[in-house]
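# Coordinate analysis (summary)
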Amino acid sequence: MSVESYPLELTGSDIPMVRFAGVTKRYGPLTVLDSLDLDIAANEMVSIIGPSGSGKTTVLRMLMTLETINDGVIYVDGQPLTHMPRNGKLVPADESHMRKQRMNVGMVFQHFNLFPHMTALENCMEAPVQVLGLPKAEARERSVELLKLVGLEDKMNQHPARLSGGQQQRVAIARALAMRPKVMLLDEVTSALDPEVIGEVLNVIRYLNKEYKLTMLMVTHQMGFAKEISDRVCFFFAGNIAEQGSPDQLFGDPQNERTKQFLRAVLDAN
Amino acid sequence: MFHWRWDFVWQILPDLLRATENTLIASVLGYAIALVLGLVLALAQRTPWQALTWAVREAVEFIRSTPLVLQIFFVFYVFPQFGVRLSPWTSGMIAIGLHYASYLSEVYRAGLDGVPRGQWEACRALNLSTGRTYFRIIIPQALPIALPGMGNYLVGIFKDTPMLSVIGVAELMHTANAIGSEYYRYLEPYTLVGLIFLAISLPTAAGMRWLEAAVRRALGMTK
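Residues numbered from 1 in each chain as written. Chains lettered and ligands numbered in written order. Predicted model: local features only at pLDDT ≥ 70, side-chain atom pairs only at ≥ 80, totals over all residues.

## Some thoughts on the interface of chain B and chain A
It is common to give the size of an interface as the accessible area that goes away when the parts come together. On the chain A side, the residues contacting the 18 residues of chain B number 21 residues. Of all the secondary-structure elements, those providing two or more residues to the side of chain B that touches chain A are helix 5 (117-125) and helix 6 (130-160) of chain B. Element by element, the count of residues in the side of chain B that touches chain A is highest for helix 5 of chain B, at 6 residues. In the side of chain B that touches chain A, the residues fall into 8 nonpolar, 5 polar and 5 charged. (Contact = placed C-beta atoms within 7 Å. Helix = DSSP H or I, 4+ residues; strand = E, 2+ residues; numbered from the N terminus. Nonpolar A, V, L, I, M, F, W, Y, C, P; charged D, E, K, R; others polar.)

## A closer look at the sheet that holds strand 10 (residues 215-219) of chain A
Residues and elements named next belong to chain A. Strand order across the open sheet formed by 6 strands is 8-9-10-3-11-12, with mixed pairing between neighbours. Bordering the open sheet on either side are strand 8 (105-108) and strand 12 (240-245), each of which pairs with just one other strand. Going across the sheet, the axis of each strand differs from the next one's by a mean of 20°, ignoring polarity. Both strand 3 (residues 45-49) and strand 11 (residues 232-237) contribute to a ladder of 4 bridges, which runs parallel. Each bridged residue has a counterpart across the sheet, and for Ile-49 the counterpart in strand 11 is Phe-235. Along the sheet, helix 1 (residues 56-63) contacts strand 3, strand 8, strand 9 (183-187), strand 10 and strand 11; its crossing angle with strand 10, the most-contacted strand, is approximately 140°. (Pairing = 2+ DSSP bridges. Axes fitted to C-alpha atoms, helices over the stretch in contact; angles between N-to-C directions.)

## A word on the domain arrangement of chain A
Residue and element names in this part refer to chain A. You can read the domains of chain A as domain 1 (3-104 + 181-269) and domain 2 (114-180). The C-alpha-based centres of domain 1 and domain 2 are spaced at 25 Å. Of the residues assigned to the side of domain 1 that touches domain 2, the class counts are 8 nonpolar, no polar and 2 charged. (Domains from an automatic or database assignment.)

## Some thoughts on the nonpolar core
Ranked by size, the top nonpolar core spans 122 residues in total, and within it Leu63(A), Ile74(A), Leu185(A) and Leu217(A) carry the most contacts. Counting the residues that make up this core, at least three belong to each of domain 1 (3-104 + 181-269) and domain 2 (114-180) of chain A. Beyond its immediate stretch of four places on either side in the chain, Leu63(A) contacts Val18(A), Ile74(A), Val105(A), Leu185(A) and Leu217(A). Judged by nonpolar contacts, the second largest core, of 9 residues, contains Ile12(B), Ala19(B), Ala176(B) and Val193(B). (Core = buried A, V, L, I, M, F, W, Y, C linked by C-beta atoms within 7 Å. Buried ≥ 20, exposed ≤ 12 C-beta atoms within 10 Å, placed from the backbone.)

## Examining the sheet that holds strand 2 (residues 30-40) of chain A
Residues and elements named next belong to chain A. Pairing is antiparallel across the open sheet formed by 4 strands, whose spatial order is 2-1-4-5. Each edge of the open sheet is held by one strand with a lone partner, namely strand 2 and strand 5 (79-80). Of the strand pairs in this sheet, strand 1 (residues 18-27) and strand 2 are connected by 7 bridges, and their pairing is antiparallel. Along strand 2, the bridge assignment pairs Phe-20 with Leu-38. Sheet contacts for helix 1: strand 1, strand 2 and strand 4 (71-76); angle to strand 1, the most-contacted strand, approximately 115°.

## A few points about unusual backbone geometry
Residue and element names in this part refer to chain A. Backbone geometry places Asn-43, a non-glycine residue, at a positive phi of 65°. As for its placement among the helices and strands, Asn-43 is situated in the loop between strand 2 and strand 3. Owing to 14 C-beta atoms within 10 Å, Asn-43 belongs among the partly exposed residues under this scheme.

## So, the environment of Gly199(A)
As for its placement among the helices and strands, Gly199(A) is situated in helix 6 (residues 195-211). Spatially, the C-alpha atom of Gly199(A) lies 23 Å from that of Ser246(A), the residues being 47 residues apart in sequence.

## Details of helix 8 (residues 187-218) of chain B
Residue and element names in this part refer to chain B. Across its 32 residues, helix 8 extends 46 Å between first and last C-alpha, which sits within 8% of the 46 Å expected from 1.5 Å per residue. Taken together, the buried positions of helix 8 are Glu-188, Pro-189, Leu-192 and Val-193. Buried positions along helix 8 lie against helix 1 (6-44) and helix 7 (172-183). Gly-220, located one to two residues past helix 8, shows a positive phi value of around 70°. (Expected span 1.5 Å × (residues − 1).)

Printed below as a string of structure tokens:
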């Protein structure tokens, strides 16, 4: 199906917050994602699991517009993200269209990617001031609030180099929240952390999931956490969803042979 | 056999110190041009326009691969044939500024490339504009990486100012030559020129090392 025949926007009473429609991503001859269809409802918490190289991180990176896509369309909140309407047809989005649509999406990275030359507070204030144009006082208030939420108000004037990995990742979460995204992407946010600080980051995510109206898409290797927190779990294999379902169903009674193999291998390793 | 003559030293020292002023002005002016122009050359290689990147890259390669003294001659003696007549000072500043700008653009490039990719991605995820990404996030982090190279070229440009003597800029070397040919004594003027260069180069290099540390501290990038 050619991109031109996709709808210009999604309409109706229960449009998904995120829709991947026939999304394909290739790196040269390698097809990383093969015609992916995936809807994520508003306020839904979806976990993506799977072996490395299955394309799961690519899903998040495309949604954050860190990667271009080769085919299909991604919609966020009913509007096309990767494309824009022109003369009644969808054409690849230009930078200004992407900038506008990207406002709905926030991301937390495996390696935090905090700005090392800024304090925790400055990290959180930067985008609200520079992108949203908030007055400094207001951005500061918002940021302090969020740093309190992640339990770091006493560290807000520290630079990242002086914070532990777990603390840095919590600052990164606060920084992403400061832009008030509708969709939050969590890319292996505990993979680079020492085991003893993983819990403090997971607690913050638990809290967000419970108290915030936030659609979350999480790539993770923490099977226990995915099982506990997700509304839905998607198992990726070879560039597409091999199986998806509720955590109980996917972890308790997997149907696909690949899912069973993967879960057995992961559980053995633990 | 020549003997060192102190009275001659005291006699020529005022002239040499006055010329030192010109040497310093030439260095600072040339370096200022190189700093700004170098950044332009570095950023021009990072736009989406492939043709621009290619053109700037080739120009930088060309300038780096030909001698400074040739470039100075070219601006001073060849430009007038095309109707561009410039004073020795202007010619010298253009040549030395452009020459060092192409070196500094490489230093900047290494600095910019040294900033981890994750920083760019964080900027994009936070929706920072390209300009703010560069000036608020990337360049401050590239600076500590680029500073040692920038310091080397500051000392380098200072030591290259004697090349301006070939087109008659009255800097240190030019003055020492003039003194030598007037009094037929070269030992004292050249020795003094060497000492003056040393007296300025060494503290400058030390100052740059201090600046590096200070910048890292100011950016909170020390452990």
